Protein chains: 2
Amino acid sequence: MASHKYVYEFTEGSRQMRELLGGKGAGIAEMTSILGGDRVPAGFTITTEACVAYMKRDRRYPDGLQEQIDAALGILEQRVGRELGDEQDPLLVSVRSGARESMPGMLDTVLNLGLSDRSVEGLARATGNEWFAYDSYRRLVQMFANVVRGVPEERLQAAIEDVKAARGVRLDTELSADDLRELVVRFKVLLEESTGEPFPQDPRAQLDAAVRAVFDSWRGDRAATYRRLNRIPDDWGTAVNVQQMVFGNKGNSSGSGVAFSRDEITGAPEPSGDFLINAQGEDVVSGVRNTKDIAELAELMPAVHADLMDILRTLERHYRDMQDTEFTVEDGRLFMLQTRNAKRPAQAALRFACDAVDEKLLSEAEALLTLDPAALEGLLHPTFDPAVQYSVLTHGVPASPGAAQGAVVFTAPDAVAAAELGRAVVLVRPFTEAEDVAGFHAAAGILTSEGGKASHAALVARGMGRPCVVGASELDVDLEARQIRVGDTVVREGEHLGIDGTTGAVTTDEVPVAAPEMSDAFRRVLGWADKHRRLDVHANADTPDDARTARRFGANGIGLCRTEHMFMASDRVPKMRAMILASTVEGRRAALDELLPLQQGDFEGLFEVMAGRPVTVRLLDPPLHEFLPSRVELSVELAQARHDAPHEVPALERLLERVTALEETNPMLGTRGCRLGILHPEIYEMQVRAIARAARAVRERTGRAPELEVMIPLVNYEAELEVVRRLVDRVAGEEGLQSGVDYRVGTMIELPRACLLADRIAHHADFFSFGTNDLTQTGLGFSRDDIEGRILGRYIDVGILDRSPFETIDVPGIGQLLRMGAWLGRTTRRDLTLGVCGEHGGDPESIAFFHRSGIDYVSCSPYRVPVARVAAAQAAIREPVHWG
Amino acid sequence: MASHKYVYEFTEGSRQMRELLGGKGAGIAEMTSILGGDRVPAGFTITTEACVAYMKRDRRYPDGLQEQIDAALGILEQRVGRELGDEQDPLLVSVRSGARESMPGMLDTVLNLGLSDRSVEGLARATGNEWFAYDSYRRLVQMFANVVRGVPEERLQAAIEDVKAARGVRLDTELSADDLRELVVRFKVLLEESTGEPFPQDPRAQLDAAVRAVFDSWRGDRAATYRRLNRIPDDWGTAVNVQQMVFGNKGNSSGSGVAFSRDEITGAPEPSGDFLINAQGEDVVSGVRNTKDIAELAELMPAVHADLMDILRTLERHYRDMQDTEFTVEDGRLFMLQTRNAKRPAQAALRFACDAVDEKLLSEAEALLTLDPAALEGLLHPTFDPAVQYSVLTHGVPASPGAAQGAVVFTAPDAVAAAELGRAVVLVRPFTEAEDVAGFHAAAGILTSEGGKASHAALVARGMGRPCVVGASELDVDLEARQIRVGDTVVREGEHLGIDGTTGAVTTDEVPVAAPEMSDAFRRVLGWADKHRRLDVHANADTPDDARTARRFGANGIGLCRTEHMFMASDRVPKMRAMILASTVEGRRAALDELLPLQQGDFEGLFEVMAGRPVTVRLLDPPLHEFLPSRVELSVELAQARHDAPHEVPALERLLERVTALEETNPMLGTRGCRLGILHPEIYEMQVRAIARAARAVRERTGRAPELEVMIPLVNYEAELEVVRRLVDRVAGEEGLQSGVDYRVGTMIELPRACLLADRIAHHADFFSFGTNDLTQTGLGFSRDDIEGRILGRYIDVGILDRSPFETIDVPGIGQLLRMGAWLGRTTRRDLTLGVCGEHGGDPESIAFFHRSGIDYVSCSPYRVPVARVAAAQAAIREPVHWG
């Protein structure tokens, strides 16, 4: 009985056979079939089925596998004309794993397999290069010991360091052939000490051990964790690829290089790349020697160059994307070792997309799919002139992209004062709080010494598109002395500072800043995106400035206007505080009456910019104590006043009493959102009145009102929405507006209960907007402020998470809640509008999920709007199904 | 064609016809059929169907309704021998609403309907009592104006106050017949002013208006809100009951009274009650005249008394429960107006249950259903001797039942010190925090001036069964002067104070305290409960003392041992702080090594008490900063030290820095639970080692180990549980314990995500314990500490909630999550044990839900264990279905 086929030569496979041959095996086979067997070093793939059978049989080869490997090896030897283990001119092979999807944690690569104490001498002779031969052997023994047999890499490295120290050299390449010989001996000893077994001199035994090690690594801890995290089934198994080694270091008719099918920096249609004569691939990458531009290959090896250009075109047409290849020339013969879609900067990606469409290489939809939407955001922010070198004072966490510079200020009021004088400033704080937000508006950029990507400073800055660097921990911010210190450098208030929010660099140099301009290619691509996407894209914007930016980047409306930011302006805070500190409803109303015209003015500005388009205004959401000074500061001030200024004590005591009364243990879960509106209806009344009057004023002035939506935050119970909606309709009615005609009323869905009972809530809502930030906080019990700095890094290290759930939505948990909410809401009202206004609204992977979940629009920060447009188009192209 | 039947005489109905006749109508009909038509004032019920038809026809009577009412009224007049509106001796009737379920917010009652300017004179003559006649008329006009026509009650009351002031009298009963006549006039004027319509003199018009008003009230706001909250369909409608009025104030052969079928205080089998000769029902209740004991009726009206005794027995046998009745004797004729199951103190309820079983009135299961489980808890706590009168200093919120007294102390260490000297103390604080918990153990009772039923003090005290009064807001607690002030009374440290946690009373008197004793009846009832219930009952207990209490009250195991409470003892806190403040892992390990033997000792004590039974130990859960001083206090101390004690500044600064670093914005959602264990594995290692060593030590010493369960808190991700479980198994293995044999490992399910993905989590769990407290906090986005004091009251007022979701589980939201978690968990492991350890585990209504949801056990505070046993039995009797 013929046994099952477990081994495929590269010439037998194709990229359609990914499940059987793994990603790498299918890729090599594909390239072999495009370019012909002579261009790709020969070899064979042991299938994933072989691995599965091996695991099922308790780590024994299935029937026929050994024979098939032997046969394939025989064919390979014949094809190459060398034999594995030959003592004169041995065939060497590499052994690599390759699962259906690329999987970190799997055994990676064993190179140079086939060398032994005898054949290494043959290789030295055949290549005329003893150093090369022993370096190859040393690498084989090292990789075998570590990767196949599990000897800790530290112990192997320690041996290298030992020998280098004894020779007084710094680099591996400075070791002599004899040194390498010694290393081989040392590695063998280490291997035998650790495992009790010597390094196998029989190349067949080496191969057998390597194949088994690849199979076994599928069951390893790291691979298992990775699979669990990525929901890869345990029973896929991995394939094993055995491939002839070729060498670019056999003399001046040999060489190695990398080549791109187009310019990898600009995207221009000319191929680019680097190469080295008489060198191996890793030398090109390591930068030990200065590489030559690929154009020079035309002079040195004209035939090879012509072949290469031809191959690049062929591969690009075949893969329908810009290619990044590795090649080796062995004795004048060109081998292609790898091809993959080229990573490229955003600007180059846009150029390729447009050129590919013009060249009819790709359709618009296909061209859109070649883009990385997240990378596009960087093109919209100012940057330091890339032509200028500057000295870096320190680095922090790049938190909001773009470059900014100006005079250092340390407080929000100082930033505001400087802005009024037309001066550019950089606001520097240890960390920021709600009351600093006015300073964000006024500053060119923000720099903090504490916090991470999810700190208050980072979030607010990203929302406004202000460049921001956080967590620059070398920075000692002395607020009292009004200076910054980094090592010996001191920067005082008013002195110059620059930050690059894309790289995290901080500098005292004056670097020219280049203003961003949206390229024609960018505009063209966005035009395609708008034709293909089903999701509408709105922006989160609180000011007319934000709204103008949002419009400029193509937002079709404002999906979230956070009215609280309007109260944080410096002229508002005292009035807001007076309102909060009022001990009677009358006192509160009087303070609110003063705030009303200001808030109305804010809305008028916003509505004028957005006239005729949707504007969703969220009623006050944060707890009131965010507008008050902190209890710690006040307590300290009071303690000092008892010593220094007794006359101030009574007023401070009163303030402290009120602040203490309003303080909450878990403000995120406390008196905020509609709870606040139900507790103090007069606040929401004022807001609704301001909104309604502004809408009327703008309609009268411009003839066009916005498509007004009033949004009620943090609803749990149907009755909450009912009560607040009644208030909204009453007050709007008093101001002459009619529900359903002049405005609609809806709610944030941002609590797990609201998702579970969305059918009831939908009875009182014209729209839902999923607040995925708070839904993530409550659904996971994760306080973003607390978790991102402390827990997240650890969780990623341990393998529990692979990224922050605040960046990309946690699909199985929070995504499931969102889908329930969407589905239940629509069971009550088929025409319910569904939006997402959390930060996930600007994250491409999350956008794809929202598309699949039947959401109508996402709302994100203005600078993320183009990202969202492209991501939404990609989602629609990949999954054209319509959810209903 | 005969029209649909919309009107039923009382003689036609029964209690099975509740849907059609409403609860009240069906009840009167039932009593009529048991006692015969002569014992119950006659009348008829207009059906709920009539109401529904009326609403559907846009507030018009359906065909035939008017005719049927007329006919029923004719029969009533004939039966009674009087006519509505008769000018000599008129028939008077009451009109009452009655929906399928009793519903606040519905129009309640119009009495004396049928009186007019003329018939009132007839009534005066017929009863020989002009005052009575005009008082009846005044009440009719007042009720008609207010209830039927919506004239505000304040305006009607103002008229009464006006007339009383003019006469210089205080009580309504002091008004003369002329005064009442004047009130009738005034009410009529008010009615006409308000509605433009006069008071109808035609009794048929009065009746018609009252019937329509009842129908219309079904659509009123309050009734609609109530229905929404209680999920009562809008289309049920309400019935209307029209009943003859009878009068006990027609002279000495008339009277009114209330009678219980057994002694309503003790439950003893002799009927009890009170009555008044020549009086109406409301006089008996109002206490204006001194009532006579029902026994005296035997002398005054022997036949009536005999009839009444007979009727009480009949009703009790019929309703199979102790009855609370109202009766009226009109001219020697006994009428029964109402009967209902009697409310009774817990002790009487137990006695009735036992007697009823002995008398073969009820089966054990039926007897169990007559009990209010929540009331039983009060029998387990010490009480002030009810025979002793004492003066009350002030009242607070009764937060944990039982009486306590002792010397006042103001700090936890003082309480501990006093306890060591054997002195009883009451710990008085403005509010309490985690570090005060040691003081709770030491104190006889706890009193705070702030906080509500869900404050820290209330929760901890209830958990320990310590009497506690919170929120005694008149109390001025001066910690510096070490004294309490209430008005002019000052109580200093060391002086005597008593509190009653059942009533909220605070006293300076020395009142004898009666120790609780579990009665034989109680024991017997609990024995029945254990036979019937399917839910197992465990207790939350952290100390051997708690565990003994739990055993005494019948807990079958410990469902939650919170190991953090062990660290809060005064000898542990410094070591715990040293551990937290350690800047290196080594430093932390050294501190943990000191804590290990202490914690081991704690566990040994607990395990000895519970040997052979389940003990579920939860690894450390709260955030570490709970063990540190507060940032506010430290900051103030530091500010003062800068003035007064500069040498202390550096140490304080270091401490403050660490406290600040650990501080979290939302600690509830921060670095706690298994997150802590993953961040600092050495803490969980120490705990597991202590648990394992204690289990072995107890097994060796006593021959019996507990059924040990290690519980990992706050799990969101499968991988979290996997990582911590691996740690537990490793350390337990090092200590010689074997997973699955010597212990099991499980997790708290207390986050929404965990419920939604419980199938994955169950792969690594032997049991789930639903932490419904935290699940409620996260699922609703409600910080318990913040919400209960601020939002809850308002929400109940507005009609959004009818009670705290922390008291009774929010079934549609949090209950849905729990059911998903239970169901998904069991899809992975059919034998997964499911428990509930939130406070809901001691709430009868929640227990019924857990029973229905397939939960295996509840765990509650030791004092709630008997409550839970009875509630679980009731649930099983009512819904014997088994969930699978």
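Above this text sits the structure in question.
This section reports on the structure supplied with the text. (Residues numbered from 1 in each chain as written. Chains lettered and ligands numbered in written order. Predicted model: local features only at pLDDT ≥ 70, side-chain atom pairs only at ≥ 80, totals over all residues. Heavy atoms only, no water.)

1. Some words on the relation of the copies chain A and chain B
For the pair chain A and chain B, the best superposition has an RMSD of 0.2 Å and corresponds to a rotation of 179° with a translation of 0.0 Å parallel to the axis. What the rotation and shift describe, once combined, is the action of a two-fold rotation axis. It is Asn666(A) whose C-alpha, among those of chain A, lies nearest the rotation axis, at 2.1 Å. A share of 100% of the interface residues of chain A reappears at the interface of chain B, consistent with the copies meeting face to face through the same patch. (Least-squares fit on C-alpha atoms with pLDDT ≥ 70 in both. Contact = heavy atoms within 4.5 Å.)

2. Topic: the environment of Val836(B)
Residues and elements named next belong to chain B. Within the element layout of this structure, Val836 appears in strand E30 (residues 833-836). Sequence-wise, Val836 and Val110 are 726 residues apart; in three dimensions their C-alpha atoms are separated by 48 Å. Discounting residues that sit within four places of it in the chain, Val836 has contacts with Ser769, Phe770, Thr772, Leu818, Gly841, Phe850, Ile855, Tyr857, Val858 and Ser859. (Helix = DSSP H or I, 4+ residues; strand = E, 2+ residues; numbered from the N terminus.)

3. Comments concerning the sheet that holds strand E28 (residues 743-749) of chain B
Residues and elements named next belong to chain B. Taken in spatial order, the 8 strands close into a barrel running E24-E25-E26-E27-E28-E29-E30-E31, and their pairing is parallel. Neighbour to neighbour, the strand axes of the sheet diverge by 25° on average, direction disregarded. Pairing of strand E27 (residues 707-712) with E28, which is carried by 5 bridges, proceeds in the parallel orientation. Each bridged residue has a counterpart across the sheet, and for Glu709 the counterpart in E28 is Arg744. Sitting on the sheet, helix H34 (residues 811-828) touches strand E29 (767-770) and E30, and the angle it makes with E29 is about 180°. (Pairing = 2+ DSSP bridges. Axes fitted to C-alpha atoms, helices over the stretch in contact; angles between N-to-C directions.)

4. Describing the interface of chain A and chain B
With 63 residues of chain A at the contact, the number on the chain B side is 63 residues. Of the roughly 5600 Å² buried at the junction of chain A and chain B (both faces included), carbon and sulfur atoms supply 58%. By the criterion of area lost to chain B, the three top residues of chain A are Leu669(A), Tyr717(A) and Arg790(A), representing 11% of everything that side buries. For the salt bridge of Asp810(A) with Arg753(B), the shortest nitrogen-to-oxygen distance reads 2.7 Å. At the surface where chain A touches chain B, the tally comes to 24 residue pairs in polar contact (both at pLDDT 80 or more). Looking at the side of chain A that touches chain B, the element that brings in the most residues is helix H24 (residues 631-644) of chain A, giving 8 residues. Residues that form the side of chain A that touches chain B fall into these classes: 31 nonpolar, 15 polar and 17 charged. (Buried area = accessible area lost by both parts, 1.4 Å probe. Salt bridge = Lys/Arg side-chain N within 4 Å of Asp/Glu carboxyl O. Polar contact = N/O pair within 3.5 Å; in protein donor to acceptor, adjacent residues only side chain to side chain. Nonpolar A, V, L, I, M, F, W, Y, C, P; charged D, E, K, R; others polar.)

5. Observations concerning the pairing of E27(B)
All names here are of chain B. The buried count for E27 comes to 5 of 6 residues, which makes it a mostly enclosed element. Relative to E27, strand E26 (residues 614-618) is paired through 5 bridges, and the arrangement is parallel. Paired with Pro614 across the bridge in E27 is Glu707. (Buried < 20%, exposed > 50% of the residue type's maximum accessible area, 1.4 Å probe, protein only.)

6. Digging into the side chain of Gln68(B)
Considering the arrangement of structural elements, one finds Gln68(B) in helix H3 (residues 65-80). When neighbours within four sequence positions are excluded, Gln68(B) is seen to be in contact with Ser3(B), His4(B), Lys5(B), Tyr6(B) and Val7(B).

7. Digging into helix H2 (residues 48-56) of chain A
Residue and element names in this part refer to chain A. Burial of H2 is extensive: 7 of the 9 residues sit out of reach of the surface. Looking only at H2, the buried set comprises Thr48, Ala50, Cys51, Val52, Ala53, Tyr54 and Met55. Its buried side turned inward, H2 meets helix H1 (18-35), strand E2 (43-46), helix H3 (65-80), helix H8 (203-217) and strand E5 (238-244). Of the residues flanking the end of H2, it is Asp58, one or two places downstream, whose phi is positive at about 60°.

8. Observations concerning a negative patch on the surface
Residues and elements named next belong to chain A. Taken together, the side chains of Glu433, Glu633, Glu637 and Glu648 define an acidic patch exposed on the protein surface. Residue position: Glu637 is located in helix H24. For Glu637, a relative accessible area of 40% puts it in the partly exposed group. (Patch = residues over 30% accessible without salt bridge, like charges linked within 9 Å, V, L, I, M, F, W, Y side chains within 5 Å. Areas by Shrake-Rupley, 256 points an atom, 1.4 Å probe, with all protein chains shown as cover. Lys, Arg positive; Asp, Glu negative; His and termini not counted. Charge placed at Lys NZ, Arg CZ, Asp CG, Glu CD.)

9. Digging into the packing of helix H6 (residues 153-167) of chain A against helix H7 (residues 177-195) of chain A
All names here are of chain A. Axis separation between H6 and H7 bottoms out at 10 Å; the angle between their running directions is 150°. The handedness of the crossing between H6 and H7 comes out as right-handed. On H7, the residues that touch Arg155, Leu156, Ala159, Ile160, Asp162, Val163 and Arg167 of H6 are Asp179, Glu182, Leu183, Arg186, Phe187, Leu190, Glu193 and Ser194. (Left-handed = near helix turned anticlockwise from the far one by under 90°.)

10. Considerations on empty space enclosed by the protein
Throughout the structure, instances matching the rule amount to 6 cavities of 30 Å³ or more. Of the voids in this model, the largest cavity is the one considered here, and its volume is about 90 Å³. Residue assignment for the lining of the largest cavity shows that the elements contributing at least two residues are E2 and H3 of chain A. A total of 4 residues in the lining of the largest cavity trace back to one element, the largest contributor, which is H3(A). Residues belonging to the lining of the largest cavity are distributed by class as follows: 7 nonpolar, 4 polar and 2 charged. Residue lining of the second largest cavity: Glu9(B), Phe10(B), Thr11(B), Thr32(B), Gly37(B), Val40(B), Pro41(B), Ala42(B), Gly43(B) and Arg79(B), and that is the complete set. Tallied by class, the residues present in the lining of the second largest cavity amount to 4 nonpolar, 4 polar and 2 charged. (1 Å grid on protein atoms, 1.4 Å probe; cavity = no way out; pocket = protein on both sides within 12 Å on 5 of 7 lines; lining within 4 Å. Points joined across faces, edges and corners; volume = space filled by probe spheres on them.)

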